[in-house]
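Each chain, written out:
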Amino acid sequence: MEVKVLDITGKETGRKVNLDDTVFAIEPNKHAVYLDVKQYLANQRQGTHKAKERAEVAGSTRKIKKQKGTGTARAGSKKSPLFKGGGTVFGPRPRSYSFKLNKNLKRLARKSAFSLKAQESNIIVVEDFTFETPNTKKFINVLSSLGLENKKSLFILGDANKNVYLSSRNLKTTSVVNSTELSTYAILNAKSLVLLEGSIETIEANLSK
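Everything numeric here is computed off the predicted structure, so don't read it as measured data.

**Observations concerning helix α4 (residues 136-145)**
Piece 1. The complete set of buried residues in α4 reads F139, V142 and L143. The arc that holds every buried residue of α4, seen down its axis, measures 100°, which confines them to one face.
Piece 2. Tucked inside the fold, the buried residues of α4 contact β4 (153-157), α5 (162-168) and β5 (174-178).
Piece 3. At the N-terminal end of α4, a side-chain oxygen is found 3.1 Å from the backbone nitrogen of K137, two or three residues along, and the residue is N135.
Piece 4. Looking one or two places after α4, you find G147, whose phi comes out positive at around 75°.

**Notes on helix α3 (residues 103-119)**
Piece 1. Over its 17 residues, α3 runs 24 Å from end to end, which matches the ideal 24 Å to within 8%, given 1.5 Å per residue.
Piece 2. Buried within α3 are the following residues: R107, A109, R110, K111, S112, A113, F114, S115, L116, K117 and A118.
Piece 3. The opening residue of α3, the one whose side-chain oxygen lies 3.2 Å from the backbone nitrogen of N104, is N102.

**Observations regarding the nonpolar core**
Side chains of a nonpolar character, in soluble globular proteins, are inclined to be buried together.
Piece 1. Judged by nonpolar contacts, the single largest core of 22 residues is most densely connected at F24, F114, I156, L182, L195 and I203.
Piece 2. Counting residues per element, the ones that place at least two in this core are β1 (2-6), α1 (21-24), α3, β3 (123-126), β4, β6 (192-196) and α7 (197-207).
Piece 3. Not counting the four nearest positions on each side in its chain, I203 is found in contact with V23, F24, F114, I156, S179, L182 and L195.
Piece 4. Counting 17 residues, the second largest nonpolar core, distinct from the first, contains L6, L143, L146 and L157.

**Describing the sheet that holds β1**
Piece 1. Here six strands make up an open sheet; going across it, the order is β2-β1-β3-β6-β4-β5 and the pairing mixed. In this open sheet, the two strands that pair with only one neighbour each are β2 (12-18) and β5. Going from strand to strand, the sheet's axes swing by 30° on average, the running direction of each strand aside.
Piece 2. The pairing of β4 with β5 spans five bridges and is parallel.

Criteria and thresholds
Residues numbered from 1 in each chain as written. Predicted model: local features only at pLDDT ≥ 70, side-chain atom pairs only at ≥ 80, totals over all residues. Heavy atoms only, no water. Buried < 20%, exposed > 50% of the residue type's maximum accessible area, 1.4 Å probe, protein only. Helix = DSSP H or I, 4+ residues; strand = E, 2+ residues; numbered from the N terminus. Arc of directions from axis to C-beta. Contact = heavy atoms within 4.5 Å. Polar contact = N/O pair within 3.5 Å; in protein donor to acceptor, adjacent residues only side chain to side chain. Expected span 1.5 Å × (residues − 1). Core = buried A, V, L, I, M, F, W, Y, C linked by side-chain atoms within 4.5 Å. Pairing = 2+ DSSP bridges. Axes fitted to C-alpha atoms, helices over the stretch in contact; angles between N-to-C directions.

So this is what it looks like as structure tokens:
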């Protein structure tokens, strides 16, 4: 699949790049995408929820009334789940929500996510660029030139570029990641993908195995 290469002003450079069809033009596997996104979101959960059960609630264990003759149900300590302030029955406990997926499935999920974006024509290829110092205003100008100022976008870098990353950090609708840090969730969470030329080779090398 051929895609035109743009510069940071949004103009065509006259060059094109070939995107590997085994990465950007496969039949998307939606179940693989679902599992990978589910795992990503599960891994974000802290799992620190906790409710006190009967044995953990503060209070006396004295029997609060006699067993018979009251005309009401028998009752033991005031820590019973039946009473206000009592323990919770089967309340949440700290736990990990993470689960494992094999590498081939995760690779298939990322290829499916790229292919979905390609089908929607939401992939832009831009020649590599950098800033001398972090400059959010310059980054906003890049977004404006590419028509992404009010759209959710993901910039994928070939190599770590601290100045470009810091320039985008205050922008809510834009994320910048290295090609080695990609996740299926990040790809799908963006409306448009901006691939810097240097990232394409790494992406294809990692996903075409």
